[in-house]
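Next come the chains, spelled out residue by residue.
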Amino acid sequence: MSLFGSSGVRGVVNSEMTPELACRIGMAVGSGARNIVVGTDSRTSGPMMDAAVSSGLMACGCQVYSCGLVTTPTLAEAARCMDAGVMLTASHNPPEYAGIKLWNPDGMGFGVSQSDKIEKLVSSRRFKLKPWDGVGTRHVLSDMPETHAQRILRGVGKAKLKVVVDCANGPAFNVTPIVLQRMGCKVVTINSNPDGHFPGRMPEPVEENLADLRNAVISMRADMGIAHDGDADRMVAIDDKGVFLGGDQLLALFARRYGKKKVVVTVDASMAIDDYIDAKVVRTRVGDVFVSEEVKRVKADFGGEPSGTWIFPDQTYCPDGILAAARLAEMASRKKLSELRKGVPVYPTLRKSVSFKSEDKPMVLRKLKAEMTSIDSEELLTMDGFRHQFEDGWALVRASGTEPKIRLLAEARSAVRADEIMRLMSVAVRRCVK
Ligand code: MG
């Protein structure tokens with residue numbers, strides 16, 4: 001199994017993600033680079049990981065600029081004038097995880113070929129270690145949250161709202177409330193103490209983890225609630241009625257406001273977006289790096305995925321949950337979020353999964369390709385699983401990356417049609433697993 005996934009390297013602390021591995025990744029990144037910025041989320045392993053990665057970088061002669069506790073988009077901002085950025089975060093994973101994600105100066109995460117290069121160096125151990133008088137030193141960069149806040153504020157207007165911000169016990173406390181206050185909002189924070197045990201809630205910003213935020217929005221009669229994941233590259237919201245604004249709805253709202261000509265979304269995004277906006281919708285693989293790459297490639301005005309990742313290329317190619325919060329506040333100051341939400345269509349969606357024996361995987365995938373390509377539809381996308389577009393609905397069939405399962409998703413304008421599409425797909429998938 002490869003070391004780097006679409007969101008960098010992740011693993012359980014001191015079993016998969018050890019200081020030794022972190023140091024070797026530091027040495028791999030440092031071989032051939034001069035200036036590298038390093039930041040951490042609020043996990044208990046942050047200082048350990050920082051020391052290990054920084055040590056590897058300095059061994060290769062790098063000047064290490066240490067931002068300390070920062071959000072991922074803050075780190076990406078700091079990487080603008082460096083050779084690369086190293087963010088020590090496991091994002092929304094449970095507390096026992098640690099992770100390393102690498103960033104380019106333009107805010108893009110390392111792509112597949114860059115990650116492959118690092119991975120080869122890590123396993124070959126052909127690092128460019130320096131002699132005693134060539135090792136790097138460590139400098140402290142303490143003002144990056146302020147620099148990041150100022151960049152966001154240059155791209156947003158005023159918003160006089162009451163907002164509750166749930167910082168997920170992560171690093172968002174040092175930037176999101178400040179940005180919203182300076183825009184003119186009255187801000188109440190919850191889970192704003194950074195704590196790697198995540199005492200307030202688990203770091204994934206899904207509806208079931210956000211009951212406290214919802215209750216706070218309702219009881220304080222706030223205009224909106226904002227929730228980040230553990231490193232604040234992601235953002236979701238609660239509207240003024242206490243209703244969770246999930247990925248597909250926010251995706252449609254942002255795309256309508258910011259997608260002038262072209263928007264990039266992932267293959268799992270709802271067809272609501274196609275119906276709600278006038279701009280051209282381009283679909284790509286699931287994963288924020290793939291969305292960023294496609295936004296850049298097709299020169300889109302906006303990109304996003306329903307997990308809560310929003311990319312505004314006028315400011316950065318890095319998914320920035322704080323910028324997204326600021327832009328949503330600006331939108332909500334013109335029209336209530338609950339009103340905006342009502343305009344976005346919600347269609348019946350069905351999900352299911354079909355298991356198979358893990359030893360059958362090559363055969364199942366071979367059969368799946370044959371089955372899926374023989375189904376007649378308006379359009380078949382194959383960049384990530386199989387997405388069939390029909391006149392009044394669509395389906396996505398993908399093998400899980402982590403379990404021996406095929407996942408099926410069907411959405412249509414009517415429940416009857418969604419059911420029909422799901423049945424068509426299920427029958428085909430069942431033929432593959434026998
Ligand atoms: Mg994240």
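Residues numbered from 1 in each chain as written. Predicted model: local features only at pLDDT ≥ 70, side-chain atom pairs only at ≥ 80, totals over all residues. Heavy atoms only, no water.

Bringing the coordination of the magnesium ion into the picture now. Around the magnesium ion, the donor atoms from the protein are Ser91 (OG), Asp229 (OD), Asp231 (OD) and Asp233 (OD), and they sit 2.0 to 2.2 Å away. On the primary sequence, the residues serving as donors to the magnesium ion are separated as S-x137-D-x1-D-x1-D. Judged by relative accessible area, Asp229 falls into the buried class, the value being 1%. Taking relative accessible area as the criterion, Asp233 reaches 5% and is therefore assigned buried. (Donors = N, O, S within 2.8 Å, 3.2 Å for Na, K, Ca; no water. Buried < 20%, exposed > 50% of the residue type's maximum accessible area, 1.4 Å probe, protein only.)

Looking now at empty space enclosed by the protein. Sizing a probe to match a water molecule and rolling it over the atoms shows the empty space that remains. Applying the stated criterion across every chain, the model contains one cavity of 30 Å³ or more. If you add up the space inside the largest cavity, you get close to 40 Å³. Surrounding the largest cavity, Asp41, Arg43, Ser45, Gly46, Met49, Leu88, Thr89, Ala98 and Gly99 form its lining. Of all the elements in the fold, those that place two or more residues in the lining of the largest cavity are helix H2 (46-59) and strand E5 (97-103). Here the lining of the largest cavity is built from residues that sort into three nonpolar, four polar and two charged. (1 Å grid on protein atoms, 1.4 Å probe; cavity = no way out; pocket = protein on both sides within 12 Å on 5 of 7 lines; lining within 4 Å. Points joined across faces, edges and corners; volume = space filled by probe spheres on them. Helix = DSSP H or I, 4+ residues; strand = E, 2+ residues; numbered from the N terminus. Nonpolar A, V, L, I, M, F, W, Y, C, P; charged D, E, K, R; others polar.)

In an α-helix, one turn spans 3.6 residues, which is why side chains three or four residues apart end up on the same side. With 14 residues, H2 extends 20 Å between its outermost C-alpha atoms, agreeing within 8% with the 20 Å of an ideal straight helix rising 1.5 Å per residue. Taken together, the buried positions of H2 are occupied by Gly46, Met49, Asp50, Ala52, Val53, Ser54, Gly56, Leu57 and Met58. Tucked into the core, H2 has its buried residues touching helix H1 (19-30), strand E2 (35-40), strand E3 (63-69), strand E4 (84-88), E5 and strand E6 (138-140). Once H2 finishes, Gly61 follows within two positions and takes phi at roughly 90 degrees, a positive value. (Expected span 1.5 Å × (residues − 1). Contact = heavy atoms within 4.5 Å.)

On to the sheet that holds strand E7 (residues 162-166). Across the sheet, which stays open at both edges, the five strands sit in the order E8-E7-E9-E10-E11 with mixed pairing between neighbours. The sheet is open, and its two edges are formed by strand E8 (186-190) and strand E11 (244-245), each paired on a single side. Here strand E10 (residues 235-238) pairs with E11 via two bridges, running antiparallel. Following the sheet pairing, Ile238 is matched in E11 by Phe244. Taken strand by strand, helix H7 (residues 211-219) contacts E7, E8, strand E9 (224-228) and E10, and its axis lies near 160 degrees from that of E9. (Pairing = 2+ DSSP bridges. Axes fitted to C-alpha atoms, helices over the stretch in contact; angles between N-to-C directions.)

Remember that the coordinates give geometry; whether it matters functionally is a separate question.
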